[in-house]
Amino acid sequence: MAIKYNEKVVDHFLHPRNLGRIENPDAEAVVGSPACGDQVAIYLKIDPETEKIEDIKFESFGCASNIATASIITELAKGKTIDEAMNITWKKAVDELGGLPPIKYHCSVLAVDGLRSAIRHYLMKQGRIKPEDLNSDLVRGELYHVIYPPLGIDIVSAKRVKYIGVDDGVVTIDIAFDDEDPYLDEIKHEIEEKVSVLPGVKEIKVNNVGLYE
Ligand code: FES
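Residues numbered from 1 in each chain as written. Predicted model: local features only at pLDDT ≥ 70, side-chain atom pairs only at ≥ 80, totals over all residues. Heavy atoms only, no water.

## Here we look at a nonpolar patch on the surface
A surface patch of nonpolar side chains, about 250 Å² in accessible area, is lined by Val10, Phe13 and Leu14. Within the secondary structure, Leu14 sits in helix H1 (residues 7–14). (Patch = residues over 30% accessible without salt bridge, like charges linked within 9 Å, V, L, I, M, F, W, Y side chains within 5 Å. Areas by Shrake-Rupley, 256 points an atom, 1.4 Å probe, with all protein chains shown as cover. Salt bridge = Lys/Arg side-chain N within 4 Å of Asp/Glu carboxyl O. Helix = DSSP H or I, 4+ residues; strand = E, 2+ residues; numbered from the N terminus.)

If you want it as structure tokens, here you go:
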């Protein structure tokens, strides 16, 4: 069944605003959608005095509504403070576009996740996310950056992360891969590398629970 988009969505899809990347950004993030495996990258330039987003660009590796929602989100976020931008919801993006078919709501969620993840990285670089803030959402945010090469998508979107626990700085992550998977060691190593940058991490335990239904 063909999906019907309104004119504004089509316009943002055909003429995306703020498409591309920023060289030496103050923050950036690539996130993948658990629902479909598509990805979006967000780049930010932030004025250190006012904390306003001076410039924002995106790259999309996804569908038409992914491009349209990322485009509208860059318009909504530009000129806003990072606090204001953090409060832009996927619903706001959908409303601003004049609506999306419900089956495509997750595309908007992905665009908002990308923006929030980039802002979180900015705060982390500045030491403003503290060790006591460590939680499973922050860990999941890092795991979005661990790509599983055979599928070309991150391990969260590929549904290979089965559990994330955080207890007093000890991070436990259960992943699901074939024990013989040639990428298993590389994945474990990358997980440790990415998660170890989070403030407050004392120990990382990665368990492969194997592939099961
Ligand atoms: Fe994947 Fe839209 S279907 S982002």
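There is more to say after this.
## Regarding helix H5 (residues 105–125)
The end-to-end C-alpha separation of H5 is 31 Å, in line with the 30 Å expected for 21 residues at 1.5 Å each. Gly127, located one to two residues past H5, shows a positive phi value of around 70°. (Expected span 1.5 Å × (residues − 1).)

## Looking at the side chain of Thr74
Inspection of the secondary structure assignment puts Thr74 in helix H2 (residues 64–77). Among all residues touching Thr74, those that are not within four sequence positions of it are Arg17, Asn18, Ile56 and Phe58. (Contact = heavy atoms within 4.5 Å.)

## Quick word on the sheet that holds strand E1 (residues 27–32)
Strands sit in the order E1-E2-E3 across an open sheet of three strands; the sheet is antiparallel. The sheet is open, and its two borders are formed by E1 and strand E3 (53–61), each paired with just one other strand. Ignoring which end each strand starts from, the neighbouring axes of this sheet average 15° apart. Here strand E2 (residues 39–46) pairs with E3 via eight bridges, running antiparallel. By the bridge assignment for E3, Lys45 is matched with Asp55. Against the sheet, H2 makes contact with E2 and E3, and its axis sits at roughly 175° relative to E3, the strand it touches most. Helix-sheet contacts for H5 involve E1, E2 and E3, and the interaxial angle to E1 is about 140°. (Pairing = 2+ DSSP bridges. Axes fitted to C-alpha atoms, helices over the stretch in contact; angles between N-to-C directions.)

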